[in-house]
Amino acid sequence: MRATYLARYMKQTVRGSPPTACLARPLYAGEYTEACGGFLRSAKKPVSESGRDMKFERFTVKSREAIADSQGLAGKYGNPEIRPQHLLMVLLTQDQGVVASLLQHIEADVTALTREAAKLVDALPNVSGGSQAKVSKQFQSVVTEADNLAKGLGDSHIATEVLFIAINMVDDKPRQLMRDHGLSIDRLKEALKILRGGQSVSGEDAESNYESLEKYTRDLTQDARDGKIDPVIGRDD
């Protein structure tokens, strides 16, 4: 029953950018405001564990959508916390997203991964009462890892593919699921370089501004056929 509800919710989730006024506000853990379409915002503890504010303009538009949809998924599902499980599910099913296309072209079983990601969300505890989902420690860690990774890549913004790799850097069930599917950090970073054509993120619309997603995914497929990228087989230990 719940799995069916999850599938229906993911199809019905409204995609799109948040109001302009909300994008400049800090991304905080805890409460959120309906005025910002459910985007995280409060005057309380910041997401960054270091105590520094993590602002929405630091993320690409698609990453902002993914974070908002993760919160929405947690709320619709009655989960008290926003977890990496929610973010993984959202990234795998995001409209016009990069992650699913990237995985398809490195021969990962996206359908199976998405199905098992849904089971992870289904297994999360839920509560009644309508209280707002709060950012979990694990989710905070994913954001921190993504921020560090983006800086290391020379990116101006945190893109969705970087969030996806960061999930693999945090000790939680989504990381194990990704590794069970052979998605090691090194392999994902290699695929990211090919996807981007050696370029860094230089704006908030980075995912839509990659020179040609179709071109790069064709390159990924050809590289896999040529043996430059090993096919995903089994578990990465």
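As a reminder, the structure under discussion sits directly above these lines.
So, how was this worked out
Throughout, residues of each chain are indexed from 1 in the direction in which the sequence is written. In keeping with the model being predicted, local features are shown solely for residues with a pLDDT of at least 70 and side-chain atom pairs are shown and tallied solely at 80 or more, while totals for entire chains, interfaces and linings include all residues. Calculated side-chain values reflect all of the structure's heavy atoms, with hydrogen atoms and water omitted. Every helix listed is a DSSP run of H or I at least four residues long, and every strand listed is a run of E at least two residues long, numbered separately from the N terminus. When accessible area is computed with a 1.4 Å probe and restricted to protein chains, residues below 20% of their type maximum are described as buried, those above 50% as exposed, and intermediate ones as partly exposed. Regarding the arc, it is the one traced by the directions from the helix axis to the C-beta atoms. The contact rule is simple, with two residues in contact once any of their heavy atoms fall within 4.5 Å. Nonpolar cores were defined as sets of buried Ala, Val, Leu, Ile, Met, Phe, Trp, Tyr and Cys residues, with membership established by side-chain atoms within 4.5 Å. Axis definition: a line fit to C-alpha positions, over the contact stretch in the case of helices; interaxial angles, taken between N-to-C directions, run 0 to 180 degrees. Orientation labels follow simple angle bins: below 35 degrees gives roughly parallel, above 145 gives roughly antiparallel, 65 to 115 gives roughly perpendicular, and whatever is left gives oblique. If you view the pair so one helix is near and one far, a crossing is left-handed when the near helix is turned anticlockwise from the far one by less than a right angle, and right-handed when it is turned clockwise. Amino acids outside the nonpolar list (Ala, Val, Leu, Ile, Met, Phe, Trp, Tyr, Cys, Pro) and the charged list (Asp, Glu, Lys, Arg) are all regarded as polar, and Gly is one of them.

Asker: Explain unusual backbone geometry here, please?
Answerer: Trans is the common state for peptide bonds, and a negative phi is the common state for residues other than glycine. With a phi angle near 55°, Gln96 is a residue other than glycine that sits in the positive phi range. When you line up the elements, Gln96 lands in the loop between helix H4 (84-93) and helix H5 (99-104). Exposure remark for Gln96: the relative accessible area of 77% places this residue in the exposed category.

Asker: I tried to follow helix H9 (residues 173-180) on my own but got confused; where do I start?
Answerer: What sets the pattern is the α-helix's 3.6 residues per turn: residues three or four places apart point alike. All buried positions along H9 are accounted for by Pro174, Leu177 and Met178. Seen from one end, H9 has its buried residues packed into an arc of 100°, which puts them on one side. Where the residues of H9 are buried, they touch H4, helix H6 (110-122), helix H8 (160-167) and helix H10 (185-196).

Asker: When you look at the nonpolar core in this model, what are you seeing that I'm missing?
Answerer: Generally speaking, nonpolar side chains in soluble globular proteins are found buried as a group. Formed by 49 residues in total, the largest nonpolar core has its most connected members in Leu103, Phe164 and Leu183. Elements represented by at least two residues in this core include exactly helix H3 (61-77), H4, H5, H6, helix H7 (137-153), H8, H9 and H10.

Asker: Please clarify how the environment of Ala112 should be interpreted in this entry.
Answerer: Positionally, Ala112 belongs in helix H6. Residues Ala112 and His181, spaced 69 residues apart in sequence, show a C-alpha to C-alpha distance of 9.1 Å.

Asker: Teacher, can you tell me more about the packing of H4 against H8 here?
Answerer: The axes of two packed helices give the description: the angle between them and the distance between them. Across the interface, H4 lies against H8 with an axial gap of 10 Å and an inter-helix angle of 140°. Taken together, the axes of H4 and H8 are oblique relative to one another. Judged by the sense of rotation from one axis to the other, the crossing of H4 with H8 is left-handed. Taking contact as the criterion, the partners of Pro84, Leu87, Leu88, Leu91 and Leu92 in H4 are, on H8, Thr160, Leu163, Phe164 and Ile167. Class assignment of the residues belonging to the contact of H4 with H8 gives a composition of eight nonpolar, one polar and no charged.

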